Amino acid sequence: MAAPPCAFSPRGCRLFASSGPDGRLRVWDTAGSRLQHEYVPSAHLSAACTCLAWAPAGARQIPSKDGPQRKKRKSEVGEVDKQLDILAIGTAVGSILLYSTVKGELQSKLDGGHDSRVNCVRWHQDSCCLYSCSDDKHIVEWNTQTCKVKCKWKGDNSSVTCLCISPDGKMLLSAGRTIKLWDLETKEVYRHFTGHATSVSSLMFTTVKPMNESKPFDGITGLYFLSGAIHDRLLSVWQIRSDRKEKNAVMSFTVTDEPTFVDLTVSEVKEEPVKLAVVCRDGQLHLFEHILNGYCKKPLTPNSTIQIATPGNDGDSTPKPVPILAAAFCKDKQSLLLVYGNTLQPIIEKVSLNTTESHICLVRDIQKVLSLKTDAALTKVKTPVVNSDAKVLVPGIPGHSTAVKTPASGKEKKKNKRKPGETEESIEERLGALDIDVSKVKTPGGLPQTDSFAVLLVQGLESNDAEILNKVLNTKKDNIVKNTVARMPIHAVIPLLHELTKRLQGNPYSASLMVRWLKSVFTLHASYLSTLPDLIPQLGMLYQLMESRVKTLQKLSRLHGRLFILVTQVAASQRVQDVPEVNQTAKLVYEDDSSEEEGSDDEMIADKDSDENWDEDEEKEEQSDEQDMAVEKEINGDSDLEPENESEEE
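Residues numbered from 1 in each chain as written. Predicted model: local features only at pLDDT ≥ 70, side-chain atom pairs only at ≥ 80, totals over all residues. Heavy atoms only, no water.

## Regarding the sheet that holds strand E28 (residues 346-352)
The strands making up a sheet associate through hydrogen bonds between their backbones, and the pairing can be parallel or antiparallel. This is how it is decided: Pairing between strands requires that DSSP locate at least two bridges from one strand to the other. In this text, helices come from DSSP runs of H or I with a minimum length of four residues, and strands from runs of E with a minimum of two, each type numbered from the N-terminal end. To obtain an axis, a line is fitted to C-alpha atoms, over the contacting stretch when the element is a helix, and the angle between two such axes runs from 0 to 180 degrees between their N-to-C directions.
Spatial strand order, E26-E27-E28: 3 strands in an open sheet with antiparallel pairing. The open sheet terminates on both sides in strands that have one partner only, identified here as strand E26 (324-329) and E28. On average, each strand axis in the sheet is tilted by 20 degrees relative to the strand beside it, whichever way the strands run. Relative to E28, strand E27 (residues 335-341) is paired through 7 bridges, and the arrangement is antiparallel.

## What to know about the packing of aromatic side chains
We count it as follows: Classification of ring pairs rests on two measures: the distance between centres of Phe, Tyr or Trp rings, Trp counted by its six-membered ring, which must be within 6.5 Å, and the angle between planes, read as stacked under 30 degrees, edge-to-face over 60 and tilted in between. For each residue, the accessible area found with a 1.4 Å probe, counting protein chains only, is set against the maximum for its type, and the residue is called buried under 20%, exposed over 50%, and partly exposed in between. Here, over-ring charges are defined by two tests on the NZ atom of lysine or the CZ atom of arginine: distance to the ring centre within 6 Å, and angle to the ring normal within 35 degrees.
Following the criterion strictly, the structure yields 9 aromatic pairs and no others. Seen from their ring centres, Phe-8 and Phe-261 are 6.0 Å apart, and the 75 degrees between their planes marks the pair as edge-to-face. You can see Phe-8 sitting in strand E1 (residues 6-8) and its partner Phe-261 sitting in strand E21 (residues 259-265), a full 253 residues away along the chain. For the pair Phe-8 and Phe-261, a shared accessibility class is recorded, and that class is buried. Each residue in the set Phe-193, Phe-205, Phe-225 and Trp-238 is aromatic and connected to the rest through ring pairs, giving one cluster. Taking the ring centre of Tyr-190 as reference, the NZ or CZ of Arg-191 above it sits at 4.3 Å.

## Points about the sheet that holds E1
Strand order in the open sheet made by the 4 strands is E1-E2-E3-E4, with antiparallel pairing throughout. Across the chains shown, the open sheet's two edge strands, defined by having one partner strand only, are E1 and strand E4 (34-39). Averaged over all pairs of adjacent strands, the angle between their axes in this sheet comes to 20 degrees, without regard to strand direction. Alignment of E1 against strand E2 (residues 15-19), held across 3 bridges, turns out to be antiparallel. The residue of E2 that forms the bridge with Phe-8 is Phe-16.

## With respect to helix H7 (residues 478-487)
It helps to recall that an α-helix has 3.6 residues per turn; residues three or four apart then point in one direction. Spelled out, the test is: By definition, the arc is the one covered by directions from the helix axis to the C-beta atoms.
All of the buried residues in H7 are Ile-480, Val-481, Thr-484 and Val-485. Viewed along the axis of H7, the buried residues span an arc of 125 degrees, placing them on a single side of the element. Across from the buried face of H7, at angles greater than 90 degrees, the exposed residues are Asn-479 and Lys-482.

## Overview of the environment of Thr-221
Rules: In this analysis, two residues are considered to be in contact whenever any of their non-hydrogen atoms come within 4.5 Å of each other.
Relative to the helices and strands, Thr-221 is located in the loop between strand E17 (200-205) and strand E18 (224-229). Residue classification places Thr-221 among the partly exposed residues on the basis of a relative accessible area of 23%. Beyond its immediate sequence surroundings of up to four residues, Thr-221 is in contact with Tyr-190, Pro-210, Ile-240, Arg-241 and Ser-242.

## Quick notes on the confidence of the model for the chain
Using the following cut-off: Within a predicted model, pLDDT stands for the predictor's per-residue confidence, ranging from 0 to 100.
Per-residue confidence for the chain averages 79 on the pLDDT scale, and 74% of its residues sit at or above 70. Contacts from residues 437-447, a stretch scored under 50 in pLDDT, to residues over four places away or in other chains number 4 contacts.

## Considering the packing of helix H6 (residues 466-473) against helix H8 (residues 493-504)
Quick note on the threshold: In what follows, roughly perpendicular refers to angles from 65 to 115 degrees, roughly parallel to angles under 35, roughly antiparallel to angles over 145, and oblique to any angle outside these ranges. Residues are grouped as follows: nonpolar covers Ala, Val, Leu, Ile, Met, Phe, Trp, Tyr, Cys and Pro; charged covers Asp, Glu, Lys and Arg; every other residue, Gly included, is treated as polar.
Put simply, H6 and H8 touch, their axes get as near as 13 Å, and they point 85 degrees apart. The angle between H6 and H8 places the two elements in the roughly perpendicular class. Together, Ala-466, Leu-469, Asn-470 and Leu-473 of H6 and Leu-496, Glu-499, Leu-500 and Arg-503 of H8 make up the contact between the two elements. Tallied by class, the residues present in the contact of H6 with H8 amount to 5 nonpolar, 1 polar and 2 charged.

## Quick word on the pairing of strand E16 (residues 188-193)
Examined bridge by bridge, strand E15 (residues 179-183) and E16 share 5 bridges and lie antiparallel to one another. The residue bridging Lys-180 from the neighbouring strand is His-192, located in E16.

## Brief notes about a nonpolar patch on the surface
To keep things clear, this is the line we draw: Patch definition: residues with relative accessible area over 30% and no salt bridge; like charges joined within 9 Å; nonpolar side chains (Val, Leu, Ile, Met, Phe, Trp, Tyr) joined within 5 Å. Here the open area of atoms and residues is found with the Shrake-Rupley method and a 1.4 Å probe, where only the protein chains shown may cover a residue. Salt bridges are defined as contacts in which a side-chain nitrogen from Lys or Arg sits within 4 Å of a carboxyl oxygen from Asp or Glu.
A contiguous nonpolar patch, built from Leu-556, Leu-559, Leu-563 and Leu-566 and spanning about 380 Å² of accessible area, is present on the exposed surface. Mapped onto the elements of the fold, Leu-566 is located in helix H11 (residues 535-578).

## Remarks on the packing of H8 against helix H9 (residues 508-524)
To keep things clear, this is the line we draw: Crossing handedness is read from the near helix: turned anticlockwise from the far helix by less than a right angle, it gives a left-handed crossing, and turned clockwise, a right-handed one.
In contact at an axis separation of 9 Å, H8 and H9 are set at 155 degrees when each is read in the N-to-C sense. In this view, H8 runs roughly antiparallel relative to H9, as classed from their interaxial angle. Crossing of H8 over H9 shows left-handed handedness. The residues of H9 that touch H8, namely those facing Val-493, Leu-496, Leu-497, Leu-500, Arg-503 and Leu-504, are Ser-510, Ala-511, Met-514, Val-515, Trp-517, Leu-518, Val-521 and Phe-522.

## Observations concerning the pairing of strand E7 (residues 96-100)
Of all the 5 residues making up E7, 5 are buried; the element is thus mostly covered by neighbouring parts of the structure. Side chains of E7 alternate between two faces, with Ile-96, Leu-98 and Ser-100 and Leu-97 and Tyr-99 buried alike. Joining the antiparallel neighbours strand E6 (residues 86-91) and E7 is a turn of 4 residues, in which Gly-94 adopts a positive phi near 105 degrees. Pairing between E7 and strand E8 (residues 105-110): 5 bridges, direction antiparallel. Within E8, the position partnered with Ser-100 by the bridge is Glu-105. In this structure, the hairpin formed by E7 and E8 is closed by a connection of 4 residues, where Gly-104 is found at a positive phi of approximately 70 degrees.

## A few points about unusual backbone geometry
With phi around 55 degrees, His-231 is a residue other than glycine that occupies positive phi space. With respect to the helices and strands, the residue His-231 is situated in the loop between E18 and strand E19 (234-239). A residue is classified by how much of its surface remains accessible, and His-231, at 66% relative accessible area, is exposed. Its identity as a non-glycine residue notwithstanding, Asn-464 has a phi of 55 degrees, on the positive side. Asn-464 gets classed as exposed once you look at its relative accessible area, which sits at 54%.

## Some remarks on the pattern of salt bridges
Taken as a whole and judged by the stated rule, the model has 12 salt bridges. Between Arg-26 and Glu-38 there is a salt bridge, with its nearest N and O atoms 3.4 Å apart. With Arg-26 in strand E3 (residues 25-29) and Glu-38 in strand E4, the pair connects residues that are 12 residues apart, well separated along the chain. The class for Arg-26 is buried, based on a relative accessible area of 9%. Residue Glu-499 pairs with Arg-503 through a salt bridge whose shortest N-O separation is 2.8 Å. Here Glu-499 pairs with Arg-503, and both are found in helix H8, just 4 residues apart, close to one helical turn. Here Glu-499 falls in the buried class, since its relative accessible area comes to 9%. A relative accessible area of 14% means that Arg-503 is categorised as buried. Through salt bridges that share partners, Arg-24, Arg-26 and Glu-38 make up one connected network.

Structure follows, in C-alpha cells:
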C-alpha cells in the first residue's frame, strides 16, 4: 500500500495535514499536536485523497463556491492574507478539491481536467495557477479563480506521477519513470533525464542559484534537483546543464527502504551544504548534509539515523519501534519537526539536530502521552443531572449497550443507610436481589462476540499486529466470519483483501481458512468494491494467484488418481501376502479291506451290464439305418427293384 498523503504548511510548518485510510482530511496544529480541522469529502469512500499541496506563502484569496461576496477593507484583507491557508486535495477519480483551513469549508472544486487518479498537485508562485498530473498521461494547468482548465498537454507515454516547479516559476519538472523539464510558456520539452526504473514519487529543487557564478544565470542552468522513486533505496541528484548530452545523475543518497517523505533546506550560497531529511517506509529517519559541487561516483550514506521506540517497562520488557510518518526542518534549520505514531492520532514533536551521532534512538511512551491528552479532554465534559423518570439513549457501536446511572436524590441516600439496630442482609439475599441470569454471563475462555471480532480485525489491520490478525482470521465458524465481515467498516475492506492475499500464498491450511473470508467479503461488499476506480490493480495479485492455483488443479487431480490406484494396488498385494497358505494334505487316512472287495465285485457287475447294453445299442442303430435306407429308396423310386438285385447291391 502507498503511504498516506501528508504535507506541512509553508508558513513555518505551523500546520500539518494528513489523509488517513478512512478518507478523512485532518489538519493538526504542530505546536501542541491538537486537531484543528477535520473534513469529510462527500465521496471520501469512492474518491479517496491521493495527494495534498498547500498554497504558497504569497497566496491570493480564492473565490468561494458560494459566489461573489462583499468587498473587505484593507485591514481585513491584510489579516486574511496572513492567515489564508488553502489546501489542494487530489482524488482518485480525477477531481481536485480546494479546502480553506481558515473557514473550515470547501472553497471550490476543479473538474474536467483528468479522467483518472490524480498523482500530484503543485502550486505556482502565483497562486492563481495550479498544476496537476494523473494516470491519464496528461498534465493540466488550472486557473483557480475561474476553476477551469487553462492548458492541458500530454506529459508522458505512461502515467505521470510527480511534478515540481522551478524557483523562478518558468520551468516545470515532470516524471513518470523518465524525468522531463518543460518550458511553461511554450509547453515544450527543454531537457530529458534518465530517471528511475520505477515510478518517481518525489521531485524537488535543492538549489536556487548555480554554484558556478562566473557564467550568466538564465534561471535554470546549473541548478540541482532531487528525485526518489518507489521500491528504490537510492535518491538521485541531477544537474541541469547547458549541453544536452549529460542525462545521468551526478550523485545519489542511499537509505534503508523506500522513501515516503522527503524534506530539505535549499542551498542559497555556494559553501552552504544541503540538509536532507528522508523518512522511509520502515519508520526510520535519515539525515544527510552535503555540499553539491559536481559529480560524485559513490552513493552517500546518511550522517545520522533517528529511530523512536517505546520504553517497554510495563508488562513487556521488549521495546517496540514507533514509526516516523513525516519530518520537516524548522526555520532555523537546526531543529526538526517529527510526526510519529498513528495516522489517526499522530504525535508532533520538535527535536534539535545532532548529526555528530550516527544513530539516535528516542524513547517515547506513546500510550502515556495519548492517555494524558484524553484525560485532559474528558475533564472539560460535564455530566448533566438526569431525572430518575427520564430514559437515556446512549449512542455507540452496534452490539454494545451502556447503562446510565441516574444520580439518586438525598432522601434515597438516607434510606439506603443501615441503622444500627437492623440486621445485615446475607450474601444469598443480595445475589437474589441482583437477579443475575447465569446463562447470560460469558465464560472467560469463551469466544468473543462478532462485534468485538470486527473491532479486533480493524485494530489488527491498522497496527499490522500479527497476533490479533491470527486470532481473528483463524476462526473456522462460517457464521462468525459472515457477521464479522458485515460489521466491519468500509475503509477496512481493501486492507483486509491485501492481508488475505498475502496469507493465501502461505500454508495451504491457512489458505483454506482465508477462502471463507474472501467469499464473505465479495458477497457482502460487492457493491462497494464495484465503485472503486482502481479495483483492477487492487485485486490483480489475488486474481493471478487464483488463476495459477486453478491451472494446476487438473494436473493435481490426475496425479491424485494415479497415486490412489498405486496405493490401493500396493495395499491389496500386501493383504494377499499376509494371508497364510492352507495345508490341504489329509492328516489321517482310514482304509477298510471288506469295502475294497465289495467295491471290486460291484465294479465287475457294472462292467458286464455296460457290455450288454453296448450290444443292444449297436443292434438298434443298425435297424434304424435300414429303415432310413428304405424310406430313401421309396422317395427316389427304387422300390421296383427285385429282391435279388437288392441283395447283390447289398
